[in-house]
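# Structure at a glance
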Amino acid sequence: MIELHSSPTPNGQKVMIMLEEIGIEWKHIDVNIQLGEQFQPEYLKLNPNNKIPAIIDTDGPDGKSYAMMESGAILVYLAEKTGKFLPADVRKRFDTLQWLFFQVSHIGPMFGQANHFNRQARDNQYARDRYNNEVLRLYHVLENRLGEVPWIGCDEYTIADIATYPWCKSHAERGIDETAFPNFLRWSERMEARPAVQRSNRMAAEIRTRMAKTAEGRALIDIYDTKDNTERLTRATSRDKPC
Ligand SMILES: N[C@@H](CCC(=O)N[C@@H](CS)C(=O)NCC(=O)O)C(=O)O
């Protein structure tokens with residue numbers, strides 16, 4: 001059984017899609033990052049970097065429980081565990097890993113920064129231009145790639161597609177001109193036709209509602225306040241001052 005300790009953000013959703021695709025027994029343990037639950041000492045044992053997602057495989061290597069952080073590494077782990085969505089053929093495998101790393105190191109961080117400045121710092125035009133232009137550039141990279149191969153990693157559906165979809169599905173809200181990205185849009189439609197993707201989108205909405213209910217009346221934290229986060233982390237990890 002896989003325990004997914006997470007929130008339904010794009011990084012959390014990519015693991016949900018993978019779990020639904022491989023058909024393994026799994027459950028979602030809500031970690032509400034707006035309530036600061038990523039700073040709880042128990043969670044920091046799973047991910048010392050205080051970010052979601054993390055997993056526990058109760059039947060890990062050697063039959064012992066195994067905990068992991070970092071969504072890209074989690075996808076590779078689950079692919080290797082089940083022999084699914086990471087081809088054995090060396091070229092296809094490394095093409096897939098290249099595009100997985102591209103998602104983790106470019107799409108995630110740049111889209112994340114664009115979201116941050118668009119929502120939290122609308123008056124910072126320099127930062128908004130920088131990250132929105134970078135997002136547009138990355139959609140072009142995907143568009144070109146999907147003109148060469150049917151799926152992002154290679155000619156098969158892989159963890160590179162699973163990792164990329166939750167970040168890029170908001171293309172309409174981002175004002176991406178649909179006529180300029182026909183290959184990307186065809187890919188996006190094929191992703192959305194997959195039952196596992198549909199199930200995970202439905203689950204994400206349900207988890208969001210459940211988490212909002214649990215958080216009702218409680219103080220939310222500002223996850224973008226780095227100074228405050230440092231203090232919160234110090235409190236959470238301090239032996240004498242339980243948080
Ligand atoms: N590289 C990490 C990024 C994880 C990440 O940034 N998670 C965000 C949500 S999408 C988070 O937990 N933020 C909480 C915080 O910053 O306190 C991964 O891919 O797992």
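Above: the structure in question.
Counting of residues starts from 1 at the beginning of each chain's written sequence and follows it residue by residue. Reporting of local features is limited, given that this is a predicted model, to residues whose pLDDT is at least 70; pairs of side-chain atoms are given and counted only at 80 or more, and all residues count toward the totals for whole chains, interfaces and linings. With hydrogens and water stripped out, all remaining heavy atoms of the structure feed into the side-chain values.

## Concerning unusual backbone geometry
- A cis amide bond links I52 to the next residue, P53, at an omega of 5°.
- Numbering of helices and strands runs from the N terminus; a helix is a DSSP stretch of H or I covering at least four residues, while a strand is a stretch of E covering at least two. Mapped onto the elements of the fold, P53 is located in the loop between α2 (41-46) and β3 (54-57).
- For N50, which is not a glycine, the phi torsion comes out positive at approximately 45°.
- As for its placement among the helices and strands, N50 is situated in the loop between α2 and β3.
- Only protein chains enter the accessibility calculation, which uses a 1.4 Å probe. A residue is then buried if its area is under 20% of the maximum for its type, exposed if over 50%, and partly exposed in between. Overall, the relative accessible area of 13% leaves N50 in the buried class.
- Even without being a glycine, F85 presents a positive backbone phi close to 70°.

## Examining the nonpolar core
- Core analysis: the largest hydrophobic core is formed by 55 residues, its most contacted members being M18, I55 and L78.
- For this core, the elements supplying multiple residues, two or more each, are β1 (2-6), α1 (10-22), α3 (71-82), α4 (90-120), α5 (125-148), α6 (159-168), α7 (182-192) and α8 (195-215).
- The element that contributes the greatest number of residues to this core is α4, accounting for nine residues.
- The residues that make up this core include at least three from each of domain 1 (2-84 + 196-237) and domain 2 (90-193).
- Contacts: residue pairs with any heavy atoms within 4.5 Å of one another. Setting aside chain neighbours within four positions, we find M18 in contact with L75, L78, A79, K84, F85, I159 and I162.
- Grouped together as the second largest cluster of nonpolar side chains are seven residues, V31, Y43, A54 and I56 included. For the purposes of this section, nonpolar cores are sets of buried Ala, Val, Leu, Ile, Met, Phe, Trp, Tyr and Cys residues that join through side-chain atoms within 4.5 Å. The source of the domain bounds is an automatic or database domain assignment.

## Focus on the pattern of salt bridges
- The salt bridge criterion pairs a side-chain nitrogen of Lys or Arg with a carboxyl oxygen of Asp or Glu, the two atoms within 4 Å. Scanning the model with the defined rule gives twelve salt bridges in all.
- For R194, the salt bridge identified is with E21, shortest N-O distance 2.7 Å. Taken as a pair, R194 in the loop between α7 and α8 and E21 in helix α1 lie far apart in primary sequence, 173 residues in all.
- Classification of R194 by relative accessible area gives partly exposed; the value is 22%.

Remember, this is a structural readout, not a statement about activity or role.
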